[in-house]
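Residues per chain are reported as follows:
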Amino acid sequence: MFNAIHAPQLMGILNVTPDSFSDGGKFTGVAAAIAQAEKMIAEGADIIDVGGESTRPGSDPVMADEQIRRVVPVISAIRANNPQVQISIDTTLSQVAAAAVTAGASIINDVSAGQGDPKMLAFAATAQVPIILMHMQGTPKTMQDRPHYGNVLAEVIAALQQRITEALAAGVLAENIAIDPGIGFGKGKQDNIDLLAHLRSFVGLGYPVLLGTSRKRFMGSICNVSEPAELVTATAVTTALGVMAGVQMFRVHDVKANRQAADVAWAIKQAQ
């Protein structure tokens, strides 16, 4: 599935959670969530990423039953209204992934890369559902407690290669694997900058890359901005740079601005 990606795709973030770092509590009702999904689709989102568990730094895990209660009605409604749109489920639990796929999700977005639930990779393989494997040092609860690397680029690449190997061994088809360097997940400010400076190294692994920088704190420290919603332009800059580096998917809150950034960068890249 992922090997069919050509032009950059935008994944619109839909957190149906009370406590996500930037938009927690805004879309916990089904009607509000559907309205936001429709808005993002109209602005150019190719994928709607629905999550029922915050993975902000310091967050606590949410049980599968509660995640399912939050996400399934929203996924079902989005699918009913938009038969062609892709829907991803942002979860580390196979039980949640299974319920979401039954409701209409078509992609698993797993920030633990299959390590949060030993059944996840097997489920993705059996269901033949594409899965995004993200790098994270630690867990959301602990990941920003003094993260440390000797060589962040080499270590993140090695960790992702290991997760790819595990996924393939579990039976996941190579064309159903994408990777995410995990910007902001167990990384310091300079770690994030170093990874963004070497996005071509991730593209060079031969799997589609998802980049998720949207409204993240390290950019606020660069721009002297404390409010995440003020980082729309900064996010769009990373989207444009990512397109030029060969990144295929971008997970964003602000679809309109990032659609423009991605489309202009893509037009320039095509002329190279």
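Structural data are supplied above this passage.
What comes next concerns the included structure. (Residues numbered from 1 in each chain as written. Predicted model: local features only at pLDDT ≥ 70, side-chain atom pairs only at ≥ 80, totals over all residues. Heavy atoms only, no water.)

Turning to the environment of P130, a few remarks are in order. Position of P130 among the secondary structure elements: in the loop between α4 (120–127) and β5 (131–134). Residue class for P130 comes out buried when judged on its relative accessible area of 5%. Considered as a pair, P130 and V172 are 42 residues apart in the sequence and their alpha carbons are 8.0 Å apart. (Helix = DSSP H or I, 4+ residues; strand = E, 2+ residues; numbered from the N terminus. Buried < 20%, exposed > 50% of the residue type's maximum accessible area, 1.4 Å probe, protein only.)

What follows deals with the nonpolar core. If you look at the biggest cluster of nonpolar residues, it comprises 65 residues, and the most contacted ones within it are L14, I48, V50, I75, I78, I108 and F202. No other element matches the seven residues that helix α5 (residues 152–170) contributes to this core. If near-sequence neighbours (up to four positions away) are discounted, I108 is found in contact with I89, T91, A97, M120, F123, A124, V129, P130, I131 and I132. Within the second largest apolar cluster, nine residues are counted, among which are F2, I5, M11 and L210. (Core = buried A, V, L, I, M, F, W, Y, C linked by side-chain atoms within 4.5 Å. Contact = heavy atoms within 4.5 Å.)

Put simply, helix α1 (residues 30–42) and helix α2 (residues 64–81) touch, their axes get as near as 10 Å, and they point 45 degrees apart. As the angle between them shows, α1 and α2 are arranged oblique. For the pair α1 and α2, the sense of crossing is right-handed. Along its contact with α1, which presents V30, A33, I34, A37 and E38, the element α2 presents P73, V74, A77, I78 and N81. (Axes fitted to C-alpha atoms, helices over the stretch in contact; angles between N-to-C directions. Parallel < 35°, antiparallel > 145°, perpendicular 65-115°, else oblique. Left-handed = near helix turned anticlockwise from the far one by under 90°.)

That is the geometry; function is a separate question.
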